[in-house]
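Coordinate inspection notes
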Amino acid sequence: MRLSGTFAVVTGASSGIGQAVAERLASMGCQLLLVGRNPDRLHEVARRTGGEPVVADLENPDALADLAARLAKLQPAPDLLINNAGIGRVGSVSEPDGHHFERLLAVNLRAPVTLTQAVLPAMLERGRGHLVFVSSIAAMLGVAREAGYAAGKAGLHVFAASVHAEVAQAGIGVTTVVPGIVDTDFFARRGTPYPRRFPRPLPPARIADALIKAVERERVEVIVPRWLRVPVALRALAPTTYARLAGRWG
């Protein structure tokens, strides 16, 4: 897919990966509609990229419905939807925190599903377009004390694969981006800092570059950094061995 001059919608655009993606797309001459929940930061990104800011809290069902309706009516229709917005939380699965679990599923799964359904009819009618889903390595490996986050991203991962199976023959591209640890405000917002020395967090720009390249090359899935394919493959081929190693080394 040639991205130059296309119309892209980016969620979670006020910071982190979304901001980096918006900046990369702007440098390629793309028309941008930028969705975020932090008004000040979103408007600053919009100012730098020339994008149109849309302040929306995707956790709120009414705000999500309004945004979906707006996307469905856009003229011209978007060529590219990048479902990047996400939130996290650390806590034991045994804790009575149903509200937090619902928040995680609302933003990480319900919102991208709803927005995809909003833009897909126009893409199918034209026979072109591309959907991007920013997942997480947690979706493929599981992470202790992040069951809600991992579950939402895993659901998103399988949703993306199912959408690809359904629409690929109609000319619609679908790409899932699987980042490892990224140096963003994600950890501060979830209330717990990143505790490890290895692996070191990656800059958001690296994920943005991988995402752009994957779309251009019509890749179905990309894992960043590449070495994370090793634990993913080990878990797929020998899940018991992987679980023992993960339990020992964390």
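Residues numbered from 1 in each chain as written. Predicted model: local features only at pLDDT ≥ 70, side-chain atom pairs only at ≥ 80, totals over all residues. Heavy atoms only, no water.

A closer look at the packing of helix α1 (residues 16–27) against helix α8 (residues 204–216)
We count it as follows: Every axis corresponds to a line fitted to the C-alpha atoms, with the helix fit spanning only the stretch in contact, and the corresponding angles, defined between N-to-C directions, vary from 0 to 180 degrees. By the criteria applied, helices consist of DSSP H or I runs no shorter than four residues and strands consist of E runs no shorter than two, each listed in order from the N terminus. Our angle categories are set so that under 35 degrees counts as roughly parallel, over 145 as roughly antiparallel, 65 to 115 as roughly perpendicular, and the remainder as oblique. Two helices that cross are described as forming a left-handed crossing if the nearer one is turned anticlockwise from the farther one by less than a right angle, and a right-handed crossing if clockwise. When checking whether two residues touch, look at their non-hydrogen atoms; a contact exists if any pair is within 4.5 Å. In this count, Pro and Cys sit with the nonpolar residues alongside Ala, Val, Leu, Ile, Met, Phe, Trp and Tyr, while Asp, Glu, Lys and Arg are called charged and the others, Gly among them, polar.
For the pair α1 and α8, interaxial distance at closest approach is 8 Å and the crossing angle is 55°. Here α1 is positioned oblique relative to α8, judged by the angle of their axes. Of the two possible hands of crossing, α1 and α8 adopt the one that is right-handed. Every residue of α8 that contacts α1 at Gly16, Ile17, Ala20, Val21, Arg24 and Leu25 is listed here: Pro204, Ala205, Ile207, Ala208, Asp209, Leu211 and Ile212. Class assignment of the residues belonging to the contact of α1 with α8 gives a composition of 10 nonpolar, 1 polar and 2 charged.

Digging into the pattern of salt bridges
Side-chain pairs of opposite charge can arise where the charged atoms are in close proximity. Heads up, the rule is: Salt bridges are identified by distance alone: a Lys or Arg side-chain nitrogen within 4 Å of an Asp or Glu carboxyl oxygen. Remark: exposure states derive from per-residue accessible area (1.4 Å probe, protein chains only) relative to the maximum for the residue type, with buried under 20%, exposed over 50%, and partly exposed in between.
Evaluated as defined, the whole model comprises 8 salt bridges. For Arg70, the salt bridge is made with Glu52, and the minimal N-O distance between the two is 2.4 Å. Taken as a pair, Arg70 in helix α3 (residues 61–73) and Glu52 in strand β3 (residues 52–55) lie far apart in primary sequence, 18 residues in all. A residue is classified by how much of its surface remains accessible, and Arg70, at 35% relative accessible area, is partly exposed. Residue Glu59 pairs with Arg103 through a salt bridge whose shortest N-O separation is 3.0 Å. A residue pair is termed long-range when its members are at least 10 positions apart, and Glu59 in the loop between β3 and α3 and Arg103 in helix α4 (residues 98–126) qualify at 44 residues.

Some points on unusual backbone geometry
Look at the link from Gln75 to Pro76: it is a cis peptide, with omega at 0°. Looking at the secondary structure, you find Pro76 in the loop between α3 and β4 (80–83). If you check the backbone angles, Arg145 has positive phi at about 65° while not being a glycine. Residue position: Arg145 is located in the loop between α5 (137–141) and α6 (147–167). In the Ramachandran plot, Glu218 falls in the positive-phi region, its phi being about 55° despite a non-glycine side chain. By the element assignment, Glu218 lies in the loop between α8 and β7 (221–224). For Glu218, a relative accessible area of 44% corresponds to the partly exposed category.

Re the sheet that holds β4
For clarity, the threshold we go by: By the convention used here, strands pair only if DSSP detects at least 2 bridges between them.
Read from one edge of the open sheet, 7 strands run β3-β2-β1-β4-β5-β6-β7, paired in parallel fashion. The sheet is open, and its two borders are formed by β3 and β7, each paired with just one other strand. Between one strand axis and the next, the sheet turns through 15° on average, direction left out of account. Packing against the sheet, α6 makes contact with β5 (129–134), β6 (172–179) and β7, and its axis sits at approximately 155° to β6. The strands that α8 touches are β4, β5, β6 and β7; relative to β6, the one it contacts most, it runs at about 155°.

Shape is all these values report; function is a separate question.
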